[in-house]
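So the chains spell out like this:
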Amino acid sequence: MKRGFTVTELLATIIIIGIIGTIGVVVFDNIVHNMRIKAFNAQKESIVLSAEKWLKDKRGTDDFPIFDVTNDYKVNVTLSKLLNEELIEKDLCNQEERLKINYDNSYVEIKENGKTYEYKLVINNTKEACKWYIHQ
């Protein structure tokens, strides 16, 4: 009596392993992508908090921004300014579009609303891909 597997059994096993592996890779890729998006959302919140800190640090100084009617009571703080004052990290990446953030053209819009302030983050990207998305 011969022992072993037939070619059909081996082929079926290889196909099943391939299908399971493909599903695993797709699921893993989705998990990684979702985690990067969550990390990017946390970075955006951190940038807004940094702008709040920047505004509080400027209060009572000559550098305090002027909120007047000509600008609709708005002031824009570029990410370059926040980076220069060491309030945000260098080399942030827009995870949604997988591109590096342009620090000179991205800003936090601060609007005076009575005694409170409203913050809105505006992000503009470079055309350069984030380093971990470059496949070599």
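In this report, we go over the structure that sits alongside the text.

Cut-offs used in this document
Residues numbered from 1 in each chain as written. Predicted model: local features only at pLDDT ≥ 70, side-chain atom pairs only at ≥ 80, totals over all residues. Heavy atoms only, no water. Helix = DSSP H or I, 4+ residues; strand = E, 2+ residues; numbered from the N terminus. Buried < 20%, exposed > 50% of the residue type's maximum accessible area, 1.4 Å probe, protein only. Contact = heavy atoms within 4.5 Å. Areas by Shrake-Rupley, 256 points an atom, 1.4 Å probe, with all protein chains shown as cover. Lys, Arg positive; Asp, Glu negative; His and termini not counted. Charge placed at Lys NZ, Arg CZ, Asp CG, Glu CD. Pairing = 2+ DSSP bridges. Axes fitted to C-alpha atoms, helices over the stretch in contact; angles between N-to-C directions. Core = buried A, V, L, I, M, F, W, Y, C linked by side-chain atoms within 4.5 Å.

### Some remarks on the overall build of the protein chain
- Across its full length, the protein chain holds two helices and six strands.
- The principal-axis extents of the C-alpha atoms in the protein chain amount to approximately 95 × 30 × 25 Å.
- Relative to its full complement of 136 residues, the protein chain shows a buried share of 24%.
- Within the protein chain, counting contacts between residues at least 6 apart in sequence, those at least 24 apart form 66% of the total.
- Carbon and sulfur atoms make up 56% of the accessible area of the protein chain, which amounts to about 10200 Å² in all.
- Put simply, the protein chain has 19 plus and 20 minus side-chain charges, and the middle of one group is 8 Å from the middle of the other.

### Side note on the environment of Thr 13
- Structurally, Thr 13 is set in helix 1 (residues 7-58).
- With 39 residues separating them in the primary sequence, Thr 13 and Glu 52 have C-alpha atoms 59 Å apart.

### Observations regarding the sheet that holds strand 6 (residues 125-129)
- Pairing in this open sheet of three strands is antiparallel, and the strands run 2-3-6 from one edge to the other. Whereas interior strands pair on both sides, the edge strands pair on one side only; in this sheet they are strand 2 (93-94) and strand 6.
- Examined bridge by bridge, strand 3 (residues 99-101) and strand 6 share two bridges and lie antiparallel to one another. Counted as the bridge partner of Leu 99 is Ala 129 from strand 6.

### Brief notes about the sheet that holds strand 5 (residues 116-122)
- Read across the sheet, three strands follow the order 1-4-5 without closing on themselves; strand pairing throughout is antiparallel. Looking along the sheet, the strands with just one partner apiece sit at the ends: strand 1 (74-78) and strand 5. Adjacent strand axes in the sheet meet at a mean angle of 25° when their direction is disregarded.
- In this fold helix 1 packs onto strand 1, strand 4 (107-113) and strand 5, with an angle of close to 135° to the strand it touches most, strand 5.

### What about the nonpolar core?
- Formed by 17 residues in total, the largest nonpolar core has its most connected members in Ile 47, Trp 54, Leu 79, Leu 82, Ile 88, Val 108 and Ile 110.
- Of all the secondary-structure elements, those providing two or more residues to this core are helix 1, strand 1, helix 2 (79-84) and strand 4.
- Ranked by the residues each element gives to this core, the list is headed by helix 1, at five residues.
- With sequence-adjacent residues up to four places away left out, Ile 110 is seen in contact with Ala 51, Trp 54, Leu 55, Phe 67, Tyr 73, Lys 74, Val 75, Val 77, Tyr 117, Glu 118 and Tyr 119.

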